[in-house]
Amino acid sequence: MRIRGPTAQSIAEAAQHLQQGGLVAFPTETVYGLGADATNERAVAAIYEAKGRPRFNPLISHVLDAREAQRCVRWNALADKLAARFWPGPLTLVLPRVEGSPIALLTTAGLDTVAIRAPSHPVAQALMRAVGRPLAAPSANRSGTISPTTALHVAQSLGERVPIILDGGTCLVGVESTVLDLTTPAPTLLRPGGATREAIEAVIGKVALSDALPSGDSALKSPGQLRSHYAPARPVRLDSTSVGTDEGLLAFGPEVPSGAILTFNLSPSGDLGEAAANLFSMMRALDRPGIGRIAVMPIPETGLGFAINDRLRRAAADDDEKPRR
Ligand code: TXA
Ligand code: MG
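Residues numbered from 1 in each chain as written. Chains lettered and ligands numbered in written order. Predicted model: local features only at pLDDT ≥ 70, side-chain atom pairs only at ≥ 80, totals over all residues. Heavy atoms only, no water.

1. A short note on the overall build of the protein chain
Moving on, step 1. Within the protein chain one finds 9 helices and 15 strands.
Moving on, step 2. Radius of gyration (C-alpha) of the protein chain: 19 Å, near the 20 Å computed for a compact globule of 325 residues.
Moving on, step 3. Residues counted as buried form 58% of the 325 residues belonging to the protein chain.
Moving on, step 4. Considering only residue pairs separated by 6 or more positions, the protein chain has 67% of its internal contacts joining residues 24 or more positions apart.
Moving on, step 5. Averaging the positions of the 33 positive and the 31 negative side-chain charges in the protein chain gives two centres separated by 3 Å. (Helix = DSSP H or I, 4+ residues; strand = E, 2+ residues; numbered from the N terminus. Rg over C-alpha atoms; globule rule 2.2 N^0.38 Å. Buried < 20%, exposed > 50% of the residue type's maximum accessible area, 1.4 Å probe, protein only. Contact = heavy atoms within 4.5 Å. Lys, Arg positive; Asp, Glu negative; His and termini not counted. Charge placed at Lys NZ, Arg CZ, Asp CG, Glu CD.)

The structure is reproduced here in C-alpha cells:
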C-alpha cells in the first residue's frame, strides 16, 4: 500500500489503476472514499471484499457534475434545483436509474435507483476527470468501523487491501454526505450529513425523515444504515454531563466536566462545523486501551448537529453488527 501526495503523476497512475479495475482510496470533502470504476461489476465487487461488508449495500456513484449525472439517472426539476445549490458538495441524491445507465448493477446492489453525488474536493475531481467514468465509493474503512478523515486512517483500517491511497489532507466537512431520496412522493432524508436539513428545506421546502434514522425503530429503508455503522470498539455513553473515572470524554463547548482519563473537545467554542470535522478522528483517538467507555457531551440537534447526533447514536447502538476488538 502506498500513500501518495496528489501530484499530476500520482493522479494519472491512480486513474489508470481504476480504469484497469483496481481500487484507489481518495479524499473527498466529507470522508475518504474507497473508489472503483462504478461501471465495472468486477471492480465494484472488490470494494465489498476490501471493506469486509457483510452483504451488498448500495454504493454512492461519484460524478463531476449534473451533466454527467444525467447520463446515469433520470433527472428531474428537484434534482436540478438541489444540484444548483449544493453541487459540488456533500449532498447525495437517490434517483431512478435511467435507461442505458452505465452504472453497474452491483454498484446499486441490484436496485433500480442510483445514489449519486458530485464531490467538491479538488483531488476527487482531478481523479474523476482523469478516469472519465463515475466512481463508486463507500467510506474507505473496514465495514462497521469509524469513517476515515485522513489518509493515515485509511491505511490503518484497510492496510494492504488498498494498493493506492491519494493523500488530500484532512477532510474539511468530516461527516458523510446527506442522502436524500427523490424517488419517494415527498423527498425523504435517508441519512443526515454534510448538507443540513435546514439548508435543503430552504431550497425545496419540507423534507420527510426516513424511519431508518436511529430515533425511529421500524425496518431499515436505506440498506446501508446498520445501526452500529459508526462504531468504535468501546461502549459509548451519550448526553453525558459528568464523567466516570474509567471514561474518556468527547466534549463539546466551553464548559467541560473534569475527571476523564482523556478528553478531546469537538469544539471549545461550540461551533458545529468544527465539531463535525473533528468527530471521527477524536472518536478514534478515544477508542484506545486504558479507556473503558467513551462519554459524549450533549450536542444541539440543529444544523450539522443533526448528522453528528445521528453518527453518535449509531456509535452508541450495541447490536450484533458491532465489531469487537
Ligand atoms: O460522504 C459520503 O457520502 C462518502 C464519500 C466517500 O462520498 N460515501 C459514503 O458511502 O458514505 P457509504 O457507502 O458509506 O454510504 C452510502 C449510503 C448508505 O447509507 C446507503 O444505504 C445509501 O447511501 N444508498 C446508496 N445507494 C442507495 C439507493 N439506491 N437507495 C437508498 N440508499 C442508498
Ligand atoms: Mg461508511
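More follows now that the structure is in view.
2. Overview of the domain arrangement of the protein chain
Moving on, step 1. Split into domains, the protein chain comes out as domain 1 (2-209) and domain 2 (236-316).
Moving on, step 2. Once you take the C-alpha centre of each, domain 1 and domain 2 turn out to be 27 Å apart.
Moving on, step 3. With 23 residues of domain 1 at the contact, the number on the domain 2 side is 14 residues.
Moving on, step 4. With both sides pooled, the region where domain 1 packs onto domain 2 buries about 1,500 Å², and carbon together with sulfur makes up 63% of that total.
Moving on, step 5. Area buried by domain 1 at its contact with domain 2 is led by Ile146, Val175 and Pro192, which between them contribute 40% of it.
Moving on, step 6. For the pair domain 1 and domain 2, the number of links is 1 salt bridge.
Moving on, step 7. Taking the shortest distance from any N to any O, the salt bridge between Arg311 and Glu176 comes out at 3.0 Å.
Moving on, step 8. If you list the elements that add at least two residues to the side of domain 1 that touches domain 2, you get helix H6 (151-158), strand S10 (188-191) and helix H7 (197-204). (Domains from an automatic or database assignment. Buried area = accessible area lost by both parts, 1.4 Å probe. Salt bridge = Lys/Arg side-chain N within 4 Å of Asp/Glu carboxyl O.)

3. Some remarks on the packing of helix H4 (residues 77-86) against H7
Moving on, step 1. Relative to each other, H4 and H7 sit at 130°, their axes nearing to 10 Å. The pairing of H4 with H7 is recorded here as oblique in orientation. Handedness of the crossing formed by H4 with H7: right-handed. Note on element contacts: H7 touches H4 through Ala199, Ile200, Val203 and Ile204, opposite Leu78, Lys81, Leu82, Arg85 and Phe86.
Moving on, step 2. Residue composition of the contact of H4 with H7, by class: 7 nonpolar, no polar and 2 charged. (Axes fitted to C-alpha atoms, helices over the stretch in contact; angles between N-to-C directions. Parallel < 35°, antiparallel > 145°, perpendicular 65-115°, else oblique. Left-handed = near helix turned anticlockwise from the far one by under 90°. Nonpolar A, V, L, I, M, F, W, Y, C, P; charged D, E, K, R; others polar.)

4. Some words on the packing of aromatic side chains
Moving on, step 1. Following the criterion strictly, the structure yields 1 aromatic pair and no others.
Moving on, step 2. Ring centres 5.7 Å apart and planes at 55° place the aromatic pair Trp75 and Trp87 in the tilted group. With Trp75 in the loop between helix H3 (66-70) and H4 and Trp87 in the loop between H4 and strand S5 (91-96), this residue pair connects regions lying 12 residues apart in the sequence. For the pair formed by Trp75 and Trp87, the shared burial category is buried.
Moving on, step 3. Over the ring of Phe86 we find Arg85; its NZ or CZ atom is 4.5 Å from the centre of that ring.
Moving on, step 4. In this arrangement the basic side chain of Arg197 is found over the ring face of Phe306, its NZ or CZ atom lying 5.5 Å from the centre. (Phe/Tyr/Trp six-rings, centres within 6.5 Å; stacked < 30°, edge-to-face > 60°. Lys NZ or Arg CZ within 6 Å of the ring centre and 35° of its normal.)

5. Examining the sheet that holds strand S13 (residues 247-251)
Moving on, step 1. The strand order S12-S15-S13-S14 describes an open sheet built from 4 strands, whose pairing is parallel. Pairing within the sheet leaves two strands with one partner each, and these edge strands are strand S12 (236-237) and strand S14 (262-265).
Moving on, step 2. Pairing of S13 with strand S15 (residues 293-296), which is carried by 4 bridges, proceeds in the parallel orientation. Bridge pairing in S15 links Leu249 to Ala295.
Moving on, step 3. Here helix H8 (residues 272-286) sits on the sheet and contacts S13, S14 and S15; the angle it forms with S14, its principal contact strand, is near 175°. (Pairing = 2+ DSSP bridges.)

6. Here's the deal with the sheet that holds strand S8 (residues 164-166)
Moving on, step 1. Spatially, the 11 strands line up as an open sheet ordered S1-S8-S2-S3-S7-S4-S6-S5-S9-S10-S11, and their pairing is mixed. Edge positions in the sheet fall to strand S1 (2-4) and strand S11 (208-209), since each has one partner strand and no second.
Moving on, step 2. Sheet analysis places strand S4 (residues 60-62) next to strand S6 (residues 113-117), joined by 3 bridges and oriented parallel. Residue pairing across strands places His62 opposite Arg117, the latter belonging to S6.

7. Here we look at the confidence of the model for the protein chain
Moving on, step 1. Counting all residues, the mean pLDDT for the protein chain is 92, and 92% of those residues have values of 70 or more.
Moving on, step 2. Every residue in residues 216-226 is under pLDDT 50, and counting partners more than four places away or in other chains gives 26 contacts.
Moving on, step 3. Throughout residues 319-325 the model reports pLDDT below 50, and contacts reaching past four residues in sequence, or to other chains, amount to 24 contacts. (pLDDT = per-residue confidence, 0-100.)

8. Quick look at the side chain of Thr196
Moving on, step 1. Residue placement: Thr196 occurs in the loop between S10 and H7.
Moving on, step 2. A polar contact of 3.1 Å, which involves the side chain of Thr196, links it to the backbone nitrogen of Ala199.
Moving on, step 3. Excluding its chain neighbours within four sequence positions, the residues that come into contact with Thr196 are Gly303 and Leu304. (Polar contact = N/O pair within 3.5 Å; in protein donor to acceptor, adjacent residues only side chain to side chain.)

9. Notes on the pattern of salt bridges
Moving on, step 1. With the rule as written, the count across this model stands at 12 salt bridges.
Moving on, step 2. One salt bridge in this structure joins Glu201 and Lys206, with 3.9 Å as the shortest N-O distance.
Moving on, step 3. Each of Glu176, Asp310, Arg311 and Arg314 takes part in salt bridges that share partners, so that together they form one network.

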